[in-house]
Amino acid sequence: MNDVHFKKIALIGIGLIGSSIAHAVKARGLADEVAISTRSPATLKRAGELGLGTSYHDRAVDAVRDADLVIVSVPVGASGAVAAEIAPGLKPGAIVSDVGSTKSSVVAQMAPHMPAEVHFIPGHPVAGTEHSGPDAGFATLFEGRWTILTPLPDADPAAVARLRAFWEAVGSKVEEMDAAHHDKVLAIVSHLPHIIAYNIVGTAEDLETVTESEVIKYSASGFRDFTRLAASDPVMWRDVCLHNKEAILEMLARFSEDLAYLQRAIRWGEGDKLFDLFTRTRAIRRSIIEAGQDTAEPDFGRHAAEQKPA
Ligand code: NAP
């Protein structure tokens, strides 16, 4: 276990990610104080009921006062406004980070508001579920998952090392890369799959020849796995699409080309092409299991009882 401890951590935004950080900090005793602020009084009240922090603040600027580490966990489109709000309260020497799923846009929005004496180090824990809000968080969310830090070129190495140690202490593995590279990688491994899932579930909903009850009844044949992704938070994913536009459009163009290739192979009965592709993709699945990022159990480890048709 890493020897990392903060006197005061401020969590701005206390949904799935913010509350998971709160649980993990508490479970591992990583801070004396955890100050929480969120946009709505209802969420703040719920955070209090769940005992996620040691103090609760209507105004984000009040939560960050004297904090050594500030983590902003709001939809990426809101990060600029939050940065502007917290800036006057930040302590010199504080580390300010975020958890946003896009990085270049967050840097562009937050960096201009950061006082010179503050260490701004953007981050992204590549861990999540389709649930949101303060009740969705749990202490083990980050265990065995990667967190990507995207320090700016002039970042203080000691501050980066401290933030790295924090993420390691909550169970994460940590990698550093630049923001633009992060956005390309995440466009293919996360953003595109979600967009495809939203699209396929939307298509099924629009089909006139297949009834809704049939879609649900036979969903275990493949559709169901897309519905999990397509149940993700609409605000978060709207913002991801708007804030990683270039990388997503680039990956979508590649995707459309490859889909056209597949379409053609099906049309012309080119079984070898289909077989080759489906064999290569199977190997990727095996690598993910070998890397410990998923289980090899049949049907993603779902219990047999859950698979019985309704
Ligand atoms: P969430 O559960 O929906 O929680 C969002 C939090 O942000 C809430 O505290 C909410 O406040 C606040 N918020 C929403 N809109 C806001 C606005 N316009 N201004 C200020 N605060 C606002 O979301 P989440 O899943 O924790 O996601 C938070 C961040 O983590 C996002 O940037 C997302 O890209 C990133 N992320 C998510 C996942 C995932 O799987 N969900 C994984 C990795 C990273 P109120 O409830 O008080 O309104």
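Residues numbered from 1 in each chain as written. Predicted model: local features only at pLDDT ≥ 70, side-chain atom pairs only at ≥ 80, totals over all residues. Heavy atoms only, no water.

Another point: the overall build of the chain. For the chain, the count of helices and strands is 13 helices and 9 strands. A compact globule built from 310 residues should have a C-alpha radius of gyration of about 19 Å, and the chain, at 21 Å, falls within 12% of that. Projected onto its principal axes, the C-alpha positions of the chain cover 65 × 45 × 40 Å. Across the 310 residues of the chain, 39% fall into the buried class. Residue pairs at least 24 apart in sequence account for 74% of intrachain contacts in the chain once pairs closer than 6 positions are excluded. (Helix = DSSP H or I, 4+ residues; strand = E, 2+ residues; numbered from the N terminus. Rg over C-alpha atoms; globule rule 2.2 N^0.38 Å. Buried < 20%, exposed > 50% of the residue type's maximum accessible area, 1.4 Å probe, protein only. Contact = heavy atoms within 4.5 Å.)

Further remarks concern the sheet that holds strand β1 (residues 6-12). Consider a sheet: its strands pair through backbone hydrogen bonds, and that pairing is either parallel or antiparallel. Judged by pairing direction, the sheet is parallel, and its 6 strands sit side by side in the order β3-β2-β1-β4-β5-β6 without closing on themselves. Edge strands, defined here as strands with exactly one partner in the open sheet, are β3 (55-57) and β6 (119-120). Alignment of strand β2 (residues 31-37) against β3, held across 3 bridges, turns out to be parallel. The residue bridging Ser37 from the neighbouring strand is His57, located in β3. Each of β1, β4 (69-72), β5 (95-98) and β6 is contacted by helix α6 (residues 157-169), which is oriented at about 50 degrees to β5, the strand it contacts most. (Pairing = 2+ DSSP bridges. Axes fitted to C-alpha atoms, helices over the stretch in contact; angles between N-to-C directions.)

Those residues of helix α10 (residues 234-243) not exposed but buried are Trp237, Asp239 and Val240. Within α10, the buried residues cover an arc of 160 degrees as seen down the axis, which keeps them to one side. Projecting away from the buried face of α10 at angles above 90 degrees are the exposed residues Pro234 and Leu242. Here the buried face of α10 lies against α7 (179-206) and α11 (245-267). (Arc of directions from axis to C-beta.)

What follows concerns the side chain of Ser73. Summarising the element assignment, Ser73 is placed in the loop between β4 and α4 (79-86). If we skip the residues at most four places from it in the chain, Ser73 touches Ile12, Gly13, Ile17, Gly18, Ile21 and Val99.

This next bit is on the packing of aromatic side chains. The final tally for this structure, using the stated rule, is 3 aromatic pairs. Judged by centre distance (6.0 Å) and plane angle (75 degrees), the rings of Phe6 and Phe166 are edge-to-face. Of this pair, Phe6 sits in strand β1 while Phe166 sits in helix α6, and the two are 160 residues apart along the sequence. By the burial criterion, Phe6 is buried, and Phe166 matches it. When the centroid spacing of 5.5 Å and the interplanar angle of 80 degrees are considered together, the rings of Phe166 and Trp167 count as edge-to-face. The pair formed by Phe166 and Trp167 is uniform in burial state, with each residue classed as buried. By way of ring pairs, the aromatic residues Phe6, Phe142, Phe166 and Trp167 are connected into one cluster. (Phe/Tyr/Trp six-rings, centres within 6.5 Å; stacked < 30°, edge-to-face > 60°.)

This brings us to the site of the ligand. Every one of the 25 residues lining the ligand counts as a neighbour, but Thr38, Thr43, Val74, Ser101 and Gly133 are closest to it. Within the side chain of Arg39, an N or O atom sits 2.9 Å from an oxygen atom of the ligand. Interatomic distance of 2.8 Å between a backbone N/O atom of Gly133 and an oxygen atom of the ligand. Protein burial of the ligand: of its 910 Å² of free accessible surface, 84% is covered by the chains. Of all the elements in the fold, those that place two or more residues in the shell around the ligand are α1 (16-28) and β7 (123-126). Grouping the amino acids of the shell around the ligand by side-chain chemistry returns 11 nonpolar, 13 polar and 1 charged. (Near = heavy atom within 4 Å. Polar contact = N/O pair within 3.5 Å; in protein donor to acceptor, adjacent residues only side chain to side chain. Areas by Shrake-Rupley, 256 points an atom, 1.4 Å probe, with all protein chains shown as cover. Nonpolar A, V, L, I, M, F, W, Y, C, P; charged D, E, K, R; others polar.)

Counted under the stated rule, the structure contains 15 salt bridges. For Arg164, the salt bridge is made with Glu168, and the minimal N-O distance between the two is 3.6 Å. With Arg164 and Glu168 both in helix α6 and 4 residues apart, this pair spans about one turn of that helix. When its relative accessible area of 26% is taken as the criterion, Arg164 is described as partly exposed. Notably, a salt bridge pairs Glu270 with Lys273, separated by 3.3 Å at the nearest N-O pair. Assessed through its relative accessible area of 25%, Glu270 is described here as partly exposed. Lys273 gets classed as partly exposed once you look at its relative accessible area, which sits at 33%. Here the salt bridges share partners, and the residues they tie into one network are Lys45, Arg46, Glu49 and Asp135. (Salt bridge = Lys/Arg side-chain N within 4 Å of Asp/Glu carboxyl O.)

Below, the discussion takes up the sheet that holds β7. Overall, mixed pairing links the 3 strands, which are arranged β7-β8-β9 in an open sheet. Sheet topology places β7 and β9 (173-176) at the edges, where each strand pairs with a single neighbour. Taken over all neighbouring pairs, the strand axes of this sheet differ in orientation by 20 degrees on average, direction set aside. Across 4 bridges, β7 lies against strand β8 (residues 146-149) in antiparallel orientation. Residue pairing in the sheet places Val126 in a bridge with Trp146 of β8.

Any link to function would need more than the numbers given here.
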